[in-house]
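Okay, here's what each chain looks like letter by letter:
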Amino acid sequence: MSAITDVALRLIYDSRGKETVEATVTTRSGAIGVAGAPSGASTGSHEARAFPPGGVSAALERFPQRVRPRLIGVDNDGPTVDARLHDADGTDDFHEIGGNVATAISIAAALARGRESGRSLLEVVRRPGVPHGRFPAIVGNSLNGGRHAVGGPDIQEFIAFSPAPHPRDSVRAALAVHAEIGAALVRRFPGAALGRGDEGGWVAPLSNVEALEILTDACHAVTDRLHVEVHPGLDLAASEFFRDGRYRYKERTVDSEGQVALVAEWVDRFGIRYLEDPVAEEEYEPLAEVTRAVGGKTLVVGDDIYVSRRDRLVRMGETSPSNAILIKVNQVGTLTDTLATVDEARRRGMATVTSHRSGDLPEGWLAHLAVGFGSAGMKCGLLGGERVAKLNELLRLGAATGAD
Ligand code: 2PG
Ligand code: MG
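Residues numbered from 1 in each chain as written. Chains lettered and ligands numbered in written order. Predicted model: local features only at pLDDT ≥ 70, side-chain atom pairs only at ≥ 80, totals over all residues. Heavy atoms only, no water.

Student: Just to check I follow, could you spell out the packing of helix H7 (residues 256-270) against helix H8 (residues 284-294) for this structure?
Tutor: Think of two packed helices as two axes; the pair is described by the angle between the axes and how far apart they sit. In contact at an axis separation of 10 Å, H7 and H8 are set at 25 degrees when each is read in the N-to-C sense. The angle between the axes of H7 and H8 places the two elements in the roughly parallel class. Every pair of crossing elements has a handedness; the one defined by H7 and H8 is right-handed. When H7 is examined against H8, the residues Ser-256, Val-260, Val-263, Ala-264 and Val-267 are found in contact with a partner set consisting of Pro-286, Glu-289, Val-290, Ala-293 and Val-294. Of the residues assigned to the contact of H7 with H8, the class counts are eight nonpolar, one polar and one charged. (Axes fitted to C-alpha atoms, helices over the stretch in contact; angles between N-to-C directions. Helix = DSSP H or I, 4+ residues; strand = E, 2+ residues; numbered from the N terminus. Parallel < 35°, antiparallel > 145°, perpendicular 65-115°, else oblique. Left-handed = near helix turned anticlockwise from the far one by under 90°. Contact = heavy atoms within 4.5 Å. Nonpolar A, V, L, I, M, F, W, Y, C, P; charged D, E, K, R; others polar.)

What follows is the structure, given as structure tokens:
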């Protein structure tokens, strides 16, 4: 592993047109890695801060004195580089240098490491025991609501969960669900203008149950037509409509017990196989109840509750309240921290689902992480250049296994 000779940081824009950063890491061998950091809209309260107070310009101002000198001359191995990023910041949530600065540098350094040794990022991050030729299901956001859409349902994401073993089939089926939903909306709202949300899913004036009906019908139609299984899924992002101890939907308000019952009823009625953040981020016991009720047949995935942090997982004790954890590098800052969380989850027998952010970039490295982590799913949008970049990279990895 050769030493880092240069790190550059610059302003770029994400898919929402919001400012973020991109890093270039160069090593003595001449290897170069370039990566940008995505940003969320429905962020958990314990996430790394994307940028210091003052935003991207403050991060760019601090970088030359505070971050860059700590990295120059350092051996480009992951733990060392990422430890230097922590030293440069000195806080628990990266609010001094910015979690997105840490993420962009950490991923760019890993890409350079791979290049230097002739390996793909997937091989750099592959966890012990993850078999070659195993691919994640597509967790494809098809219809948007919540904070990712204006005028849609309260639930943030209506998802095509597409678990076919090869990306060639899973990607095709998930995209077919998106198209099928579009056709259903055109039939339902003839002549009306229809839009797409932040992650490329459809937006329409539907109730939660109406949206679930359309999603479920689309999944059935695609399974019948393509003979590839695809199931409905949800990311409720329930913290977003939880206030004063109650879940406040547009049509009704329920308490925690009511929320658990409602979600369990939806899982049974619609055959939901992927269920993320069904309760608010501090509702551990209700989450455990949901898992007890439906976890035998459904991935119950914690996002805001864990924010990809190993310590948040460990403090729950030996038994986790969900059977799966969402993994987003920029929630925790560095790749090394992310790997620690993935390894802890695997040790506990929890599934991992590796995820994009709602404000993302046309880069494909997420697919390498999802495969290398042995994740049960790669969560991504389905339409828009920044979403398709991840699907296409997964297809490239699929083709490279020789399984085609
Ligand atoms: C989520 C994500 C990604 P955001 O809640 O899981 O879909 O959204 O990036 O806005 O946190
Ligand atoms: Mg989520």
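Student: I'm lost on the packing of aromatic side chains in this one. Help?
Tutor: Two numbers describe a pair of aromatic rings. These are the distance of the centres and the angle of the planes. All told, the structure shown has five aromatic pairs when counted by the stated rule. Ring centres of Phe-241 and Tyr-247 lie 6.4 Å apart, and the angle between their planes is 70 degrees; this geometry places the pair in the edge-to-face category. As far as the burial class goes, Phe-241 and Tyr-247 line up, both buried. Ring geometry for Tyr-249 against Trp-266: centres 6.2 Å apart, planes inclined by 85 degrees, an arrangement best described as edge-to-face. Here Tyr-249 is found in the loop between strand S10 (246-248) and strand S11 (253-254), whereas its partner Trp-266 is found in helix H7, with 17 residues between them in sequence. Overall, the relative accessible area of 3% leaves Trp-266 in the buried class. In textbook terms, an aromatic cluster arises when at least three aromatic residues are bridged by ring pairs, as seen for Phe-241, Phe-242, Tyr-247, Tyr-249 and Trp-266. (Phe/Tyr/Trp six-rings, centres within 6.5 Å; stacked < 30°, edge-to-face > 60°. Buried < 20%, exposed > 50% of the residue type's maximum accessible area, 1.4 Å probe, protein only.)

Student: Would you mind showing me how to read the site of ligand 1 here?
Tutor: Around ligand 1, a shell composed of 16 residues is seen, among which Ala-41, Glu-157, Glu-199, Ser-358 and Lys-379 lie nearest. Note that an oxygen atom of ligand 1 is positioned 2.6 Å from one of the backbone N or O atoms of Ala-41. Take His-356: an N or O atom from its side chain is 3.4 Å from an oxygen atom of ligand 1. Protein contacts shield 99% of the accessible area of ligand 1, which totals 310 Å² for the unbound molecule. Given that more than half its atoms are within 2 Å of the pocket grid, ligand 1 belongs to the second largest cavity. Per-class residue counts for the shell around ligand 1 are two nonpolar, six polar and eight charged. Both domain 1 (4-119) and domain 2 (125-400) contribute no fewer than three residues apiece to the shell around ligand 1. (Near = heavy atom within 4 Å. Polar contact = N/O pair within 3.5 Å; in protein donor to acceptor, adjacent residues only side chain to side chain. Areas by Shrake-Rupley, 256 points an atom, 1.4 Å probe, with all protein chains shown as cover. 1 Å grid on protein atoms, 1.4 Å probe; cavity = no way out; pocket = protein on both sides within 12 Å on 5 of 7 lines; lining within 4 Å. Sits in = over half its atoms within 2 Å of the grid points. Domains from an automatic or database assignment.)

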